[in-house]
Amino acid sequence: LCLVHDKVVDTAILFRTESGARKHSLKHLSSVLLKRKIQAGCGSSGHCSEEDAAAALSLALNRARIGDSFRLYDRPRRKNTIEEVSMMRRNNNINATTLSDGISFARASRPICDTEAPIVVLGPDEWLKEHFTSQRSSAHALRCENMSSATSGALFAWLSSQKRRANLIWAHLVVDEKDAYKAQMRIDGVMDDIIRH
């Protein structure tokens, strides 16, 4: 309700995330912090005012007794290299050479955040959806289900083009070879081709 209470302890405010961006439900707080399942079917809505009040009281008392360490912690957000490079480009941070997770591009022939050079990602459809197409990025996403696919050749086209040479290529290539030796030979061949380009 966004109200400040003078004499009421509100668990939604007491247990806000560190960033303050969201409030957790009483059901979630009770489940994680108290290891107690509530609102599991008492009445038609699942809420039982007595059960909710007991859970809220336990949460508040534990917080008072244990202190600030009795809380939920924000889950660290998974870093996405392409999203981070795209953000650097949007912010015109052209001379950046290191990402927040320590990945360094100091030896790149052009600055990694050069807004003229394309970023290319190549991989299976599900992987692209999970890592790139759901993110706000300036990457060219190319679907390639396995290394035998004709699309895998696009990787070399982006490397060899003088006019639109990719500045960053991220590939997740699937080897569709059953024999381990042949699979390794296929991977080695692709790696040699990448190094040559």
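Quick caveat, the model's predicted, so the values are computed rather than measured.

Next up on the list: the overall build of the chain. Scanning the chain from terminus to terminus reveals seven helices and three strands. Within the chain, buried positions represent 31% of all 197 residues. In the chain, the proportion of contacts linking residues at least 24 apart, taken out of those at least 6 apart, comes to 53%. For the chain, the accessible area works out to roughly 13,200 Å², and carbon and sulfur atoms hold 52% of it.

Glancing now at the confidence of the model for the chain. Averaged over the chain, the pLDDT score is 75; the fraction of residues at 70 or greater is 73%. Here helix 4 (residues 81–90) is the element of the chain with the lowest mean pLDDT, 70, and helix 3 (residues 49–66) is the one with the highest, 92.

Our focus in this paragraph is the nonpolar core. Core analysis: the largest hydrophobic core is formed by 10 residues, namely Phe15, Leu26, Leu29, Leu33, Leu34, Ile38, Ala55, Leu59, Phe70 and Leu72. Looking at this core, the elements that each hand over two or more residues are helix 2 (26–34) and helix 3. Considering each element in turn, this core owes the most residues, four residues, to helix 2. Each residue touching Leu29, except ones within four places of it in the same chain, is listed here: Thr11, Phe15, His24, Leu34, Leu59 and Leu72. Core analysis: the next-biggest nonpolar cluster, separate from the first, contains seven residues, Cys144, Met147, Leu155 and Leu159 among them.

It is worth spelling out the pairing of strand 1 (residues 119–123) at this point. Among the five residues of strand 1, five are classified as buried, and the element is accordingly described as predominantly covered. The pairing of strand 1 with strand 2 (residues 139–143) spans five bridges and is parallel. The partner of Val120 across the bridge, within strand 2, is His140. The pairing of strand 1 with strand 3 (residues 168–171) spans four bridges and is classified as parallel. Paired with Val121 across the two strands is Trp170, which belongs to strand 3.

Right, let's talk about helix 2 for a bit. Along helix 2, the residues that are buried comprise Leu26, Leu29, Ser30, Leu33 and Leu34. Down the axis of helix 2, the buried side of the element spans an arc of 95°, and every buried residue falls inside it. In this fold, the buried residues of helix 2 make contact with helix 1 (11–14) and helix 3. Looking one or two residues beyond helix 2, the residue adopting positive phi is Lys35, at roughly 55°.

Ordered in space as 2-1-3, the three strands form an open sheet in which the pairing is parallel. The outermost strands of the open sheet, each flanked by one partner alone, are strand 2 and strand 3. Across this sheet, the average inter-strand angle for adjacent strands is 15°, counted without regard to direction.

To continue, consider the packing of aromatic side chains. Scanning the model with the defined rule gives one aromatic pair in all. Ring geometry for Phe15 and Phe70: centres 5.9 Å apart, planes at 75°, overall edge-to-face. Of this pair, Phe15 sits in the loop between helix 1 and helix 2 while Phe70 sits in the loop between helix 3 and helix 4, and the two are 55 residues apart along the sequence. Each of the two residues, Phe15 as well as Phe70, counts as buried. The ring of Phe15 carries Arg63 above its face, with NZ or CZ at 5.2 Å from the centroid.

Let us now look at helix 7 (residues 180–196). Helix length check: helix 7 (17 residues) gives 24 Å between terminal C-alpha atoms against 24 Å at 1.5 Å per residue, within 8%. Of the residues that open helix 7, the one with a side-chain oxygen 3.1 Å from the backbone nitrogen of Tyr181 is Asp179.

For Arg65, the location among the structural elements is in helix 3. Here Asn62 takes part through its side chain, which lies 2.7 Å from a polar atom of the side chain of Arg65.

What counts as what
- Residues numbered from 1 in each chain as written.
- Predicted model: local features only at pLDDT ≥ 70, side-chain atom pairs only at ≥ 80, totals over all residues.
- Heavy atoms only, no water.
- Helix = DSSP H or I, 4+ residues; strand = E, 2+ residues; numbered from the N terminus.
- Buried < 20%, exposed > 50% of the residue type's maximum accessible area, 1.4 Å probe, protein only.
- Contact = heavy atoms within 4.5 Å.
- Areas by Shrake-Rupley, 256 points an atom, 1.4 Å probe, with all protein chains shown as cover.
- pLDDT = per-residue confidence, 0-100.
- Core = buried A, V, L, I, M, F, W, Y, C linked by side-chain atoms within 4.5 Å.
- Pairing = 2+ DSSP bridges.
- Arc of directions from axis to C-beta.
- Axes fitted to C-alpha atoms, helices over the stretch in contact; angles between N-to-C directions.
- Phe/Tyr/Trp six-rings, centres within 6.5 Å; stacked < 30°, edge-to-face > 60°.
- Lys NZ or Arg CZ within 6 Å of the ring centre and 35° of its normal.
- Expected span 1.5 Å × (residues − 1).
- Polar contact = N/O pair within 3.5 Å; in protein donor to acceptor, adjacent residues only side chain to side chain.

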